[in-house]
Amino acid sequence: MAANEEDNSSVFKLDDMSQDGDTETWITRLAFGVFGFVIYVLYSVILASAEDALKETVIPTSVVFVVIFFCMVLITSILPHFIHKIPQTVLLALVLVSMVGGQILYVAGDRVVIRLVGVFVASIGQTCAEVA
């Protein structure tokens, strides 16, 4: 090997991950895509439901959006500092429980407060999924 030539055998290249015939890579990409799609669809439902929950009240919808986004900013500024200490299964369980629990609270709640709590719980789950 010449003196000015470098050994690039241990260098990681992005092209190494894009093997066309690798089934695991294709399945992993599909799983991440489906998971992301489900998270954002549910979050769109959450935002739309916040407006429906406040339809017959004096609380403006913008107040709910401000509180939801405040929760998002708080979680996205705190969670990355210790997310590496949380096992992925625990994090996934937290996301699923909060997303499903928030949806159930919204649907089953007969009072506006319970519905709004459902919106906030589901928002917390969506934000945790986004950070993870």
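Residues numbered from 1 in each chain as written. Predicted model: local features only at pLDDT ≥ 70, side-chain atom pairs only at ≥ 80, totals over all residues. Heavy atoms only, no water.

A.B. asks: For this particular structure, what's the right way to read the overall build of the protein?
C.D. replies: The number of helices and strands found in the protein is four helices and zero strands. Along its sequence from the N terminus, the protein presents helices and strands in the succession α-α-α-α. Out of the 132 residues belonging to the protein, those deemed buried represent 25%. Accessible area of the protein: about 9300 Å², with a carbon and sulfur share of 67%. (Helix = DSSP H or I, 4+ residues; strand = E, 2+ residues; numbered from the N terminus. Buried < 20%, exposed > 50% of the residue type's maximum accessible area, 1.4 Å probe, protein only. Areas by Shrake-Rupley, 256 points an atom, 1.4 Å probe, with all protein chains shown as cover.)

A.B. asks: Just checking my understanding: could you explain the packing of helix α2 (residues 61-78) against helix α4 (residues 112-131) for this structure?
C.D. replies: Running from amino to carboxyl end, α2 crosses α4 at an angle of 35°, the nearest separation of the two axes being 9 Å. Here the hand of the crossing between α2 and α4 comes out right-handed. Along the contact surface, α2 presents V64, V67, I68, M72, I75 and T76, while α4 presents L116, V119, F120, S123, I124, Q126, T127, C128 and V131. Per-class residue counts for the contact of α2 with α4 are 11 nonpolar, four polar and no charged. (Axes fitted to C-alpha atoms, helices over the stretch in contact; angles between N-to-C directions. Left-handed = near helix turned anticlockwise from the far one by under 90°. Contact = heavy atoms within 4.5 Å. Nonpolar A, V, L, I, M, F, W, Y, C, P; charged D, E, K, R; others polar.)

A.B. asks: Just checking my understanding: could you explain a nonpolar patch on the surface for this structure?
C.D. replies: A contiguous nonpolar surface patch, about 760 Å² in accessible area, is contributed by W26, I27, L30, V34, F37, V38, V41 and V45. Structurally, the position occupied by F37 is in helix α1 (residues 23-53). (Patch = residues over 30% accessible without salt bridge, like charges linked within 9 Å, V, L, I, M, F, W, Y side chains within 5 Å. Salt bridge = Lys/Arg side-chain N within 4 Å of Asp/Glu carboxyl O.)

A.B. asks: Honestly, the UniProt feature "transmembrane region" (unreviewed entry) in the protein in this entry has me stumped. Any pointers?
C.D. replies: Mapped onto the present numbering, the UniProt feature "transmembrane region" (unreviewed entry) falls on residues 26-46, 58-83 and 89-108. Segment residues 26-46 splits into 100% helix and 0% strand. End C-alpha atoms: 30 Å apart. When the span residues 89-108 is considered, its composition is 100% helix and 0% strand, and the gap between its end C-alpha atoms is 28 Å. (UniProt positions renumbered as here; feature names shortened; annotations may be inferred.)

A.B. asks: Looking at this structure, I do not really get the nonpolar core. What am I missing?
C.D. replies: Nonpolar side chains in soluble globular proteins generally cluster together in the buried interior. Membership of the largest hydrophobic core comes to 21 residues, with the highest contact counts inside it found for I46, V64, I68, V95 and V119. For this core, the secondary-structure elements that each account for two or more residues are α1, α2, α3 (88-108) and α4. With residues near it in sequence (within four places) discarded, V64 still touches A50, L54, L116 and F120. (Core = buried A, V, L, I, M, F, W, Y, C linked by side-chain atoms within 4.5 Å.)

A.B. asks: In this structure, what is going on with the packing of aromatic side chains? I would like to understand it.
C.D. replies: One pair of aromatic rings is described through two measures. These are the centre distance and the angle between the planes. All chains considered together, the criterion is met by zero aromatic pairs. When the ring centre of Y106 is taken as reference, the NZ or CZ atom of R115 above it lies at 5.2 Å. (Phe/Tyr/Trp six-rings, centres within 6.5 Å; stacked < 30°, edge-to-face > 60°. Lys NZ or Arg CZ within 6 Å of the ring centre and 35° of its normal.)

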